[in-house]
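Structural features, examined
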Amino acid sequence: MLHVAVATRAFRRYSTYRAATLAGIFTNSVFGVIYSFAYLALWRANPTAGGYDAQDAVTYVWLGQALLMTIALWGGGATDDLAERIRTGDIAIDLYRPVGILGWYLAADLGRAAYQLLTRGVGPVLVGVLAFDIALPGSATDAAAFAVSLVLAVVVSFGIRFLVASTAFWLLDQSGVKVMTGAFAIFFSGLLLPLVLFPGWLGTLARALPWASYVQVPADIWLGKHAGTDLALALGFQVLWAVVLLAACQGVLRLATRKVVVQGG
Amino acid sequence: MSQQTHQPLIEVHDLERTFDVRRRVEGRRRRVREQVRAVHDLTFAVQRGEMVGYIGPNGAGKSTTIKMLTGILVPTGGELRVAGLDPSRDRVELARRIGVVFGQRSTLWWDLPLIDSFELLQKMYRIPPSRYRENLDRFVEILDLGAQLDTPVRQLSLGQRMRGDITAALLHDPEVLYLDEPTIGLDVISKGRLREFLRSLNTERGTTLVLTTHDLQDIEALCERVIVIDHGTSVYDGTLAGLHAQGGSTRTLVVDLVDEAPPIDVPGADVRRVEGPRQWLSFPTDASAAPIVAAVASAYDVADLSIQEPDIEDVIRDLYSREA
């Protein structure tokens, strides 16, 4: 109940910034157009690159633009609030509350993600559908699996962003770490270039890292690249990272609380 | 049950908190580890329904004590019980039974309308809906927040925000309310209203109040009992009047003469400072100002007179220099 209320409030909070939302949809759409033409050129040269055809490639572009803000790919969201509260010391107030910090911030971030999905997710995709030939999920199973995968993508991204924000307990400021992990996320999520195009060991590594959950896995599910056990494995991969990261968050939070409560900040 | 009612709400015995501090020392490459005692040998008890002023200069250990009382800092020594609980071990359980208000920090959600913060707190503390309504209506009425409920917190004035914070801290009927500099930055009228509200809260609901402040008037308006802490330990525990007497502090009579004159010579007061026609006379706090004022007025041509009450910092400084 509480967490639903927290998520709803977060949703409402983001919805107050309408102009920023519109500007964001515009920006995502412009990048979508640019990437689409770049990818089309690439796939004209190699029509089966990475096992995608040209339509898959363009669809992938618009899914990437839609997921970008929904999962807060390079940082931001509720975890920025956390980092700020650590920096200012307001985190002490969170400790006075009879409720867990991790669940609270996850709920807030899911509320944020829901808002971003409906605006900066759906918006660019509509533009993409109108301007390009975009593939829609081939079956109800794929559509449902995509929805699950999307939520998992947000949770995995939240886990990483929460860990990054927690560094503020020791470094006072998350921004350096945030920029660094943001760069990793852009590259290893497949936002710039689908991970299926990464050659050899780099591809294997990229597809094993948690960032693969961000764009590559949900996009492949949308494109119907996974079926049956393969689909279960793809979702399982995301679940695994979500669990590992949330456990790590809880552990770090315990250390941080110890630091604040036992050592006195 | 009957035993519990006789037990103090807050029991502090030989409480100690040390911090490890790393300090640079000339001629040494590595910083030297040092132990600083923020609080030591602190013992006191607070009964249910008391209003206690917890005062001391900056860095005396006030915040450190409050942090330990609320469970967000673990003591390094001594014993501590609040409402029968060990605060740091039972932090979450205790959190449901206490309220905390910081003058310089807000527990409200910045971007949300005020009412949303209250609704979140209702769910967080699992306050029964009827009780929540009752409390909310009452506090909103007394604290005059009705018009602000739908305003985002970031748009509230400092006074409105403080009243919002106090409402937030009281919705779950805490047994004890800790207030850290609650009137800081407020105008005179807001201060007065806030004090009146806190007093009624104490008399009507029996809520125990622990108040840290620099404002002597907060203490005078609210607290029968004062605990003074300095250099990490209690240097006084008793009534405010007793504190003035014990501290040996003085009040000051500021006299503006019509013309410059040599230091005024009247019984019961000493001249501390002379600046042109203005002179500062000090006299004991427990003495009446009337005969001194009369004596000055009869012997000199006086343009203006005023009396300055001792500053709490002065009282504490006096007290501490005596201890040392």
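Residues numbered from 1 in each chain as written. Chains lettered and ligands numbered in written order. Predicted model: local features only at pLDDT ≥ 70, side-chain atom pairs only at ≥ 80, totals over all residues.

Considerations on the overall build of chain B
Just so we agree on the cut-off: The numbering of helices and of strands both runs from the N terminus, where a helix is a DSSP run of H or I of at least 4 residues and a strand a run of E of at least 2. Counts of 20 or more other C-beta atoms within 10 Å of a residue's own C-beta define buried residues, counts of 12 or fewer define exposed ones, and intermediate counts define partly exposed ones; C-beta atoms are placed from the backbone. Any pair of residues counts as being in contact when their C-beta atoms, constructed from backbone geometry, are within 7 Å of one another.
Along its length, chain B carries eleven helices and 13 strands. Expressed as lengths along the three principal axes of its C-alpha atoms, the size of chain B is roughly 70 × 60 × 50 Å. Within chain B, the proportion of its 324 residues that are buried is 38%. In chain B, of all internal contacts separated by at least 6 residues, the share reaching a separation of at least 24 is 68%.

A word on the overall build of chain A
Let me state the cut-off plainly: Radius of gyration here is computed from C-alpha atoms only, and the compact-globule reference equals 2.2 Å multiplied by the residue count raised to the power 0.38.
Each helix and strand in chain A was counted, giving twelve helices and zero strands. In chain A, the order of α-helices and β-strands from amino to carboxyl end is α-α-α-α-α-α-α-α-α-α-α-α. For chain A, the C-alpha radius of gyration of 19 Å lies close to 18 Å, the compact-globule estimate for 265 residues. Taken along the three principal axes of its C-alpha coordinates, chain A extends 60 × 40 × 35 Å. In chain A, buried positions account for 43% of the 265 residues. Taking all contacts inside chain A whose residues are at least 6 apart in sequence as the whole, residues at least 24 apart take part in 80%.

Examining the sheet that holds strand β3 (residues 51-55) of chain B
All names here are of chain B. Test applied: Strand pairing is defined by DSSP finding a minimum of two bridges between the two strands. Inter-axis angles, ranging from 0 to 180 degrees, are taken between N-to-C directions of lines fitted to C-alpha atoms, where helices are fitted over the stretch in contact.
Here we have six strands laid out as an open sheet, ordered β5-β6-β7-β3-β8-β9, and mixed in their pairing. For this open sheet the edge positions go to β5 (98-102) and β9 (233-239), each flanked by a neighbour on one side alone. For this sheet the average axis-to-axis angle between neighbouring strands, irrespective of direction, equals 15°. Here β5 runs beside strand β6 (residues 176-180); their pairing, made up of five bridges, is parallel. Bridge pairing links V100 to Y178 in β6. In this fold helix α6 (residues 158-170) packs onto β5 and β6, with an angle of close to 165° to the strand it touches most, β5.

A short note on the interface of chain A and chain B
What counts here: Here the nonpolar group is Ala, Val, Leu, Ile, Met, Phe, Trp, Tyr, Cys and Pro; Asp, Glu, Lys and Arg are the charged ones; every other residue, Gly included, is treated as polar.
Between chain A and chain B, the contact holds 17 residues from the first and 20 residues from the second. Put simply, the parts of the chain that give the side of chain A that touches chain B at least two residues each are α1 (2-14), α5 (91-95) and α12 (229-263) of chain A. A total of five residues in the side of chain A that touches chain B trace back to one element, the largest contributor, which is α1 of chain A. Classifying every residue of the side of chain A that touches chain B by side-chain character gives twelve nonpolar, one polar and four charged.

Looking at the sheet that holds strand β1 (residues 10-23) of chain B
Residue and element names in this part refer to chain B. Read from one edge to the other, the open sheet built from three strands follows the order β2-β1-β4, with strand pairing classed as antiparallel. On the outer flanks of this sheet lie β2 (32-46) and β4 (77-82), each paired with one strand and no other. Across the sheet, the mean angle separating the axes of adjacent strands is 30° when strand polarity is ignored. By the bridge criterion, eleven bridges tie β1 to β2 in an arrangement that is antiparallel. Bridged to T18 within β2 is R37.

Some thoughts on the pairing of strand β12 (residues 278-284) of chain B
Residues and elements named next belong to chain B. Only one face of β12 is buried, namely the one carrying Q279, L281 and F283, since none of R278, W280, S282 and P284 on the opposite face is buried. Note: strand β10 (residues 250-257) against β12, seven bridges, orientation antiparallel. Along β12, the bridge assignment pairs V255 with Q279. Pairing of strand β11 (residues 270-275) with β12, which is carried by five bridges, proceeds in the antiparallel orientation. When the bridges of β12 are listed, E275 appears paired with R278. Between β11 and β12, which follow one another and run antiparallel, lie two residues, and G276 among them has a positive phi close to 60°.

Quick word on the environment of R44 of chain A
All names here are of chain A. Relative to the assigned elements, R44 resides in helix α2 (residues 18-45). Since 9 C-beta atoms lie within 10 Å of it, R44 is described here as exposed. Considering only alpha carbons, one finds R44 and S15, 29 residues apart in sequence, at a separation of 40 Å.

Notes on the packing of helix α6 (residues 101-131) of chain A against helix α7 (residues 140-166) of chain A
All names here are of chain A. Rules: Small angles under 35 degrees read as roughly parallel and large ones over 145 as roughly antiparallel, with 65 to 115 read as roughly perpendicular and the rest as oblique. Working rule for handedness: look at the near helix, and if it is turned counterclockwise from the far one by less than a right angle, call the crossing left-handed; if clockwise, right-handed.
Interaxial distance between α6 and α7 falls to 11 Å at its minimum, and their mutual angle equals 125°. In this view, α6 runs oblique relative to α7, as classed from their interaxial angle. Where α6 crosses over α7, the two elements pack in a sense that is right-handed. Across the interface between the two elements, Y105, L106, D109, L110 and A113 from α6 touch V154, F158 and F162 from α7. Of the residues that constitute the contact of α6 with α7, the class distribution is seven nonpolar, no polar and one charged.

Quick notes on the pairing of strand β13 (residues 302-308) of chain B
Residue and element names in this part refer to chain B. β13 sits mainly on the outside: zero of its seven residues count as buried. Of the strand pairs in this sheet, β10 and β13 are connected by six bridges, and their pairing is antiparallel. Its bridge partner being in β13, D256 is matched across the sheet by D304.

Let's talk about the domain arrangement of chain B
Stated precisely, the cut-off is as follows: As annotated, the domain borders come from an automatic or database domain assignment.
Parsing chain B into structural domains produces domain 1 (49-72 + 83-245) and domain 2 (249-323). A C-alpha centroid distance of 37 Å is found between domain 1 of chain B and domain 2 of chain B.

Topic: the packing of helix α3 (residues 54-70) of chain A against α6 of chain A
Residues and elements named next belong to chain A. For the pair α3 and α6, interaxial distance at closest approach is 8 Å and the crossing angle is 160°. The angle between the axes of α3 and α6 places the two elements in the roughly antiparallel class. As for how α3 packs across α6, the hand of that crossing is right-handed. For the pair α3 and α6, contact is made by W62, Q65, A66, M69 and T70 and by A113, Q116, L117, R120, G121, P124, V125 and G128, respectively. For the contact of α3 with α6, the residue count by class is seven nonpolar, five polar and one charged.

Section: the nonpolar core
Note the cut-off: In plain words, the nonpolar core is the set of buried Ala, Val, Leu, Ile, Met, Phe, Trp, Tyr and Cys residues that C-beta atoms within 7 Å link up.
Counting 138 residues, the largest nonpolar core has V52 and L209 of chain B as the members making the most contacts within it. Ranked by the residues each element gives to this core, the list is headed by α7 of chain A, at 13 residues. Not counting residues up to four positions away in its chain, the partners in contact with L209 of chain B are M51, V52, L177, L179, L198, N202 and L222 of chain B.

Side note on the confidence of the model for chain B
Rules: Per-residue confidence from the predictor is reported as pLDDT, which spans 0 to 100.
Averaged over all residues, the pLDDT of chain B equals 87, while 92% of them reach at least 70. Interface scoring of the predicted complex returns ipTM 0.83; its pTM is 0.83.

Some thoughts on α3 of chain A
Put simply, the rule reads: By definition here, a helix of n residues has an expected span of 1.5 Å times n minus one.
A rise of 1.5 Å per residue sets the reference length of α3 of chain A, with its 17 residues, at 24 Å; its end C-alpha atoms lie 25 Å apart and thus fit the reference within 8%. With 15 of 17 residues buried, α3 of chain A is to be regarded as a mostly interior element.

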